[in-house]
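# Remarks on the overall topology
Listed below, chain by chain, are the residues.
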Amino acid sequence: MTANPLAPDWLSQPDDANALAATVWPRNAVRAASGVISLAGADATALAAEFGTPLYVVDEQDARHRAAELKTAFDDAFTAVGSHATIYYAGKAFLSTEIARWVTAAGLNIDVCSGGELAVALAAGVDPTRLGFHGNNKSLAEIDRGVEVGVGAIVLDSVVEVERVAAAAEKHGRVQAVRLRINSGVHASTHEFLATAHEDQKFGVPLAAAPDIVAQIRSHPSLRFLGLHSHIGSQIFESAGFAEAAGRLLMVHAGLLEGGEVPELNLGGGFGIAYTSADEVTPIATIAQELARVVAAECAALGIPIPAIAVEPGRAIIGPSTVTLYEIGTVKDVVVSVVSTGSTTETTAIRKYVSVDGGMSDNIRAALYQADYSVRLANRTSDAAPALIRLAGKHCESGDIVVRADYLPSDVEPGDLAAVPATGAYCWSLASNYNYLGRPAVVAVKDGAARVIVRRETEADLLSRDAGIPSAAAPDQKATA
Ligand SMILES: Cc1ncc(COP(=O)(O)O)c(C=O)c1O
């Protein structure tokens, strides 16, 4: 069979459009003998029937294991070079009280970047000293709250924040530990990184400004400087970008040691995961070892002690653990014109549009970043030939696509259940109520049992803030901060 010309170059037609690629699916996902996908022992069809669709299903053990493995990988790598590492789970990827408990039980700290994320972590009972607080524009109220509850570290993102955090710390009679976020000029994504002197982005301060800002930090008895921080991007598969950033930061770090202690270096998050079977992921242990080697070599060359290292992965922990289940509502074959490069002859090809009962409101990553995902039928297998499909949502937006290209059995039909893996990171956390869809429930599965960790939003939830509805009693809307 000739390949569908609408298929992207990276996507090859599978021999079996029912197969689950081990790199992409949660570790406890299998096809049961019945043909139904089983997620940690729970049948996808039973989950959909009990909790409805769309539904985020998190493999609890998978998430916990990835958190623990990441910690072990960095602990081992940095202990081997005479230092140690702290892992912060980046809560922005997907935070609920339950997930906060899983990652802290695995020995991780948590990064939050708003008062809301801080509130969730505190509601989970996380020890505030295990929290890092990020953000390029934390409000005064957020800073005050962070200091008041005693967060372990605040990441300063601009000069004005030095004074703001110092003032809050004085007010609460605390000495607040702080990091300084650097715009290192290194930006990485997948296999490539870009290294410039100055990067055009909103986060951090230039490396060259760090000595003066650190002096300003050190002039405040209410602040304790921990070290420099950089986050170079996301979905990174190779250590070269981290190594470049580490090298740049350590040069400045070495100079800062002349004015006082600099116990730590924070290299941010961004470790990549497989969204499709074409993504080849470098094992996290390899990245950790490579980083430890580079940091140790740079420190030796600079003649300085190896600082403690901190990293902040989100996606690598929670991304692969989750599958979104959708019910398929409509299927249509769309005839598309194809003009091959260098030719004026127009041919046609068929793209099967398979529409589901969610979309960009539960997964905006394809629309926002042209992210690729994969999809399988969850309720059955089929021997029908694979057909190139596009999994679309139900929103009034042509860019409302969940899976831009994959193959499903060509007999896919309304009523089938679709499962999209690797939706743990930046899907629920970026979810919206576009078109007044309620945000889906999140269910954790383990040993065949399922439990709701975040309930589905109801129509009543959606109407509850509309002040034009008398029954939606509006609480006092005056700003309290
Ligand atoms: C400062 C910072 N740290 C960590 C992360 C987590 O990145 P990832 O989930 O790709 O590991 C992000 C993501 O945007 C970030 O901005």
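Data block above holds the structure.
Below: a short report on this structure. (Residues numbered from 1 in each chain as written. Predicted model: local features only at pLDDT ≥ 70, side-chain atom pairs only at ≥ 80, totals over all residues. Heavy atoms only, no water.)

## A closer look at the sheet that holds strand E2 (residues 37-39)
- Read across the sheet, three strands follow the order E1-E2-E3 without closing on themselves; strand pairing throughout is antiparallel. Strand pairing shows two members of the sheet lacking a second neighbour, strand E1 (29-31) and strand E3 (42-43), which therefore form its edges.
- Relative to E3, E2 runs antiparallel, the two sharing two bridges. Bridge pairing in E3 links Leu 39 to Ala 42. (Pairing = 2+ DSSP bridges. Helix = DSSP H or I, 4+ residues; strand = E, 2+ residues; numbered from the N terminus.)

## Digging into the environment of Phe 271
- Take Phe 271: it is sitting in the loop between strand E15 (264-266) and helix H9 (284-302).
- Residue Phe 271 is classed as buried on the basis of its relative accessible area, which comes to 2%.
- Residues Phe 271 and Val 402 lie 131 residues apart in sequence; the distance between their C-alpha atoms is 22 Å.
- Among residues more than four places away in sequence, those in contact with Phe 271 are Leu 70, Phe 74, Ile 236, Phe 242, Ile 284, Ile 287, Val 311, Pro 313, Arg 315 and Ala 316. (Buried < 20%, exposed > 50% of the residue type's maximum accessible area, 1.4 Å probe, protein only. Contact = heavy atoms within 4.5 Å.)

## As for the environment of Ile 306
- Counting through the fold element by element, Ile 306 comes out in the loop between H9 and strand E16 (308-311).
- Classification of Ile 306 as partly exposed rests on a relative accessible area of 24%.
- Along the sequence, Ile 306 and Gly 259 sit 47 residues apart, while their C-alpha atoms lie 17 Å from each other.
- For Ile 306, the contacting residues outside a window of four places in its chain are Val 81, Ser 83, Val 295, Ala 296 and Cys 299.

## Re the nonpolar core
- Ranked by size, the top nonpolar core spans 108 residues in total, and within it Phe 74, Tyr 89, Leu 180, Leu 228 and Leu 391 carry the most contacts.
- When residues of this core are assigned to their parent elements, the largest contribution, eight residues, is made by helix H8 (residues 240-256).
- Every residue in contact with Phe 74, bar those within four places of it in the chain, is listed here: Thr 79, Ala 85, Ile 87, Phe 271, Ile 284, Ala 288, Leu 291 and Val 311. (Core = buried A, V, L, I, M, F, W, Y, C linked by side-chain atoms within 4.5 Å.)

## As for the layout of surface pockets
- Roughly 1000 Å³ of volume is contained in the largest pocket.
- His 231, Gly 233, Ser 234, Gln 235 and Arg 315 are, among the 44 residues lining the largest pocket, the residues nearest its centre.
- Those elements that place two or more of their residues in the lining of the largest pocket are strand E10 (186-190), strand E14 (233-236) and helix H11 (365-369).
- Sorting elements by how many residues they give to the lining of the largest pocket places E10 first, with five residues.
- Of the residues assigned to the lining of the largest pocket, the class counts are 14 nonpolar, 18 polar and 12 charged.
- The volume enclosed by the second largest pocket comes to roughly 410 Å³. (1 Å grid on protein atoms, 1.4 Å probe; cavity = no way out; pocket = protein on both sides within 12 Å on 5 of 7 lines; lining within 4 Å. Points joined across faces, edges and corners; volume = space filled by probe spheres on them. Nonpolar A, V, L, I, M, F, W, Y, C, P; charged D, E, K, R; others polar.)

## Points about empty space enclosed by the protein
- Enumeration according to the criterion identifies one cavity of 30 Å³ or more in this entry.
- Approximately 40 Å³ is the volume found for the largest cavity.
- Lining the largest cavity are Arg 181, Ile 182, Asn 183, Ser 184, Gly 185, Val 186, Glu 199, Gln 201, Ser 230, His 231 and Ile 232.
- The leading source of residues in the lining of the largest cavity is strand E9 (residues 176-183), at three residues.
- Within the lining of the largest cavity, the residues separate by chemical class into three nonpolar, six polar and two charged.

## A look at the pattern of salt bridges
- Applying the stated rule across the entire model yields 21 salt bridges.
- Among the ionic pairs, Arg 451 bridges to Glu 60, the shortest N-O distance being 3.0 Å. Of this pair, Arg 451 sits in strand E24 (residues 449-454) while Glu 60 sits in helix H2 (residues 60-80), placing them 391 residues apart in sequence.
- With a relative accessible area of 4%, Glu 60 lands in the buried category. (Salt bridge = Lys/Arg side-chain N within 4 Å of Asp/Glu carboxyl O.)

## Notes on the sheet that holds E14
- If you walk across this open sheet you meet the three strands as E11-E10-E14, and the pairing is mixed. Sheet topology places strand E11 (192-195) and E14 at the edges, where each strand pairs with a single neighbour. Strand-to-strand, the axes of this sheet are offset by a mean angle of 20°, without reference to chain direction.
- Looking at chain direction, E10 and E14 are connected through three bridges and run parallel. (Axes fitted to C-alpha atoms, helices over the stretch in contact; angles between N-to-C directions.)

## Let's talk about the site of the ligand
- Near the ligand there are 14 residues, and of these Lys 92, Gly 270, Glu 312, Arg 315 and Tyr 426 occur at the shortest range.
- Interatomic distance of 2.8 Å between a backbone N/O atom of Arg 315 and an oxygen atom of the ligand.
- Compared with its free state, where it exposes 390 Å², the ligand has 91% of that area covered by protein.
- Its atoms largely coinciding with the cavity grid, the ligand occupies the largest pocket. (Near = heavy atom within 4 Å. Polar contact = N/O pair within 3.5 Å; in protein donor to acceptor, adjacent residues only side chain to side chain. Areas by Shrake-Rupley, 256 points an atom, 1.4 Å probe, with all protein chains shown as cover. Sits in = over half its atoms within 2 Å of the grid points.)

## Thoughts on the packing of H2 against helix H3 (residues 97-105)
- Two elements in contact, H2 and H3, have axes separated by 8 Å at closest approach and are oriented at 40°. On the basis of the axis angle, H2 is oblique to H3. Both H2 and H3 take part in a crossing whose hand is right-handed. Where H2 abuts H3, its residues Glu 60, Ala 63, Arg 64 and Ala 67 lie against Trp 102, Val 103 and Ala 105.
- Along the lines of polarity and charge, the residues of the contact of H2 with H3 split into five nonpolar, no polar and two charged. (Parallel < 35°, antiparallel > 145°, perpendicular 65-115°, else oblique. Left-handed = near helix turned anticlockwise from the far one by under 90°.)

## Side note on unusual backbone geometry
- Looking along the chain, the bond that leaves Thr 53 and enters Pro 54 is cis, with omega of -10°.
- Considering the arrangement of structural elements, one finds Pro 54 in the loop between helix H1 (44-51) and strand E4 (55-59).
- Residues other than glycine seldom take positive phi values, yet Ala 40 does so here, at roughly 50°.
- Mapped onto the elements of the fold, Ala 40 is located in the loop between E2 and E3.
- Residue classification places Ala 40 among the buried residues on the basis of a relative accessible area of 9%.

## Observations concerning the packing of aromatic side chains
- In the structure shown here, the tally under the stated rule is five aromatic pairs.
- Look at Phe 242 and Phe 271: their rings are 5.1 Å apart centre to centre, the planes differ by 50°, and that puts the pair in the tilted class. In this pair, Phe 242 is assigned in helix H8 and Phe 271 in the loop between E15 and H9, connecting sequence segments 29 residues apart. Here Phe 242 and Phe 271 have matching classes, each one buried.
- Consider the rings of Tyr 275 and Tyr 373, whose centres lie 5.0 Å apart with planes at 75°: the pair is edge-to-face. Taken as a pair, Tyr 275 in the loop between E15 and H9 and Tyr 373 in the loop between H11 and strand E19 (376-377) lie far apart in primary sequence, 98 residues in all.
- Residue classification places Tyr 373 among the buried positions, given a relative accessible area of 0%.
- Every member of this aromatic cluster is reached through a ring pair, and the members are Phe 74, Phe 78, Phe 242 and Phe 271. (Phe/Tyr/Trp six-rings, centres within 6.5 Å; stacked < 30°, edge-to-face > 60°.)

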